[in-house]
Amino acid sequence: MGRAADPSRMSDTCIFCSIVDGEIPARTVYETDDVLAFLDANPLALGHTLVIPKTHAERVGDLDADLSSAVFDAVSEITPEVEAAVDADGANIGINDGEAAGQEVPHVHVHVVPRFDGDGGAPIHAVAGERPDLADEELDAIAADVSAAIDG
Ligand SMILES: [Zn+2]
C-alpha cells in the first residue's frame, strides 16, 4: 500500500498522525492497536466522533483489508454507544474521500455524526451535487466499467 507505507507522510505533516502519536491532545473514546476514535474538535453535532486507522493512509483505497476491517469494526462497535451517550435518535456515518468530496485532513477518517429528531440536518443523499439523469444503457456501462476495473 504505497502511500500508507511512506514514513515521510507520517506525523511531521499529518494532524491525525500527531494525535495518534500523542503530540496533539484529543478526547479519545476508543482505542485498539490499529484504530483510534476521538471527538471531533469542531463537532457538527453532539457526540460527533472520528474513527481513524492509526497507520497513515490518505484515501479509503489505501487501506489494506485488515485495516479496513478494523476501522469498520470500530465504527459498528462505537456508533450505538456514541448515540446512547448523547441520547441521539440516529447517526450519519460517512467518509469524505478526496478533496472533491470535501476531505480536509489527508488521513482516512470516518465521521460518526449523531442525529436527533428535528435537528434540521439532511441525509447522506444531500451531499452530492446535481443529480445525473442517466439512461439504462449508461447505468449498464458504468456498472460494467467498475466491475471490469475491480476484476482487473
Ligand atoms: Zn496521518
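None of these values were measured; they are calculated from a predicted model. What you see as residue numbers is a count from 1 along each chain, following the sequence as written. Where totals are concerned, whole chains, interfaces and linings use all residues; where local detail is concerned, this predicted model gives features only for residues with pLDDT of at least 70, and gives and counts side-chain atom pairs only at 80 or more. Hydrogen atoms and water are omitted, and side-chain values are computed over all heavy atoms in the structure.

Bringing the overall build of the protein chain into the picture now. Along its length, the protein chain carries four helices and five strands. Principal-axis analysis of the C-alpha atoms places the extent of the protein chain at approximately 50 × 45 × 25 Å. Throughout, exposure labels follow a simple rule: accessible area from a 1.4 Å probe, protein chains only, divided by the maximum for the residue type, with under 20% read as buried, over 50% as exposed, and the rest as partly exposed. A buried classification covers 33% of the 152 residues belonging to the protein chain. By the convention used here, residues are in contact when the closest approach between their heavy atoms is within 4.5 Å. For the protein chain, restricting intrachain contacts to residue pairs at least 6 apart in sequence, the fraction spanning at least 24 positions comes to 54%. For accessible areas, the Shrake-Rupley method is used with a probe of radius 1.4 Å. Any residue's cover is judged against the shown protein chains and nothing else. Counting every atom, the protein chain has about 9,600 Å² of accessible surface; 51% of that belongs to carbon and sulfur. For this count, His and the chain ends are skipped, Lys and Arg are scored as positive, and Asp and Glu as negative. We put the charge of a Lys on NZ, of an Arg on CZ, of an Asp on CG and of a Glu on CD. Seen as two clouds, the 7 positive and the 31 negative side-chain charges of the protein chain have centres 6 Å apart. Here a strand is any run of E in DSSP of at least two residues, a helix any run of H or I of at least four, and the numbering for each starts at the N terminus.

With that settled, the discussion passes to the pattern of salt bridges. Salt bridges are identified by distance alone: a Lys or Arg side-chain nitrogen within 4 Å of an Asp or Glu carboxyl oxygen. Counting across every chain of the model gives three salt bridges. One salt bridge connects Glu-31 with Lys-54, and the closest N-O pair in it is separated by 2.7 Å. With a gap of 23 residues between them, Glu-31 in strand β1 (residues 28-31) and Lys-54 in the loop between β3 (49-53) and α3 (65-85) connect regions that are remote in the sequence. The partner of Asp-97 in a salt bridge is Arg-59, and the shortest N-O contact between them spans 3.1 Å. Of the two residues, Asp-97 sits in the loop between β4 (90-94) and β5 (110-115) while Arg-59 sits in the loop between β3 and α3, which places them 38 residues apart along the sequence. We classify Arg-59 as partly exposed; its relative accessible area is 30%.

Here the focus is the nonpolar core. Most often, soluble globular proteins have nonpolar side chains that are buried together. Buried residues of nine kinds, namely Ala, Val, Leu, Ile, Met, Phe, Trp, Tyr and Cys, make up a nonpolar core once their side-chain atoms join them within 4.5 Å. Membership of the largest hydrophobic core is limited to 11 residues, which are Tyr-30, Val-35, Ala-37, Val-51, Ala-70, Val-71, Ala-74, Val-75, Ile-78, Val-110 and Val-112. Only β2 (35-39), α3 and β5 provide two or more residues apiece to this core. Per element, the largest residue contribution to this core is five residues, and it comes from α3. Setting aside its immediate chain neighbours within four residues, Ala-74 contacts Tyr-30, Val-35 and Val-51.

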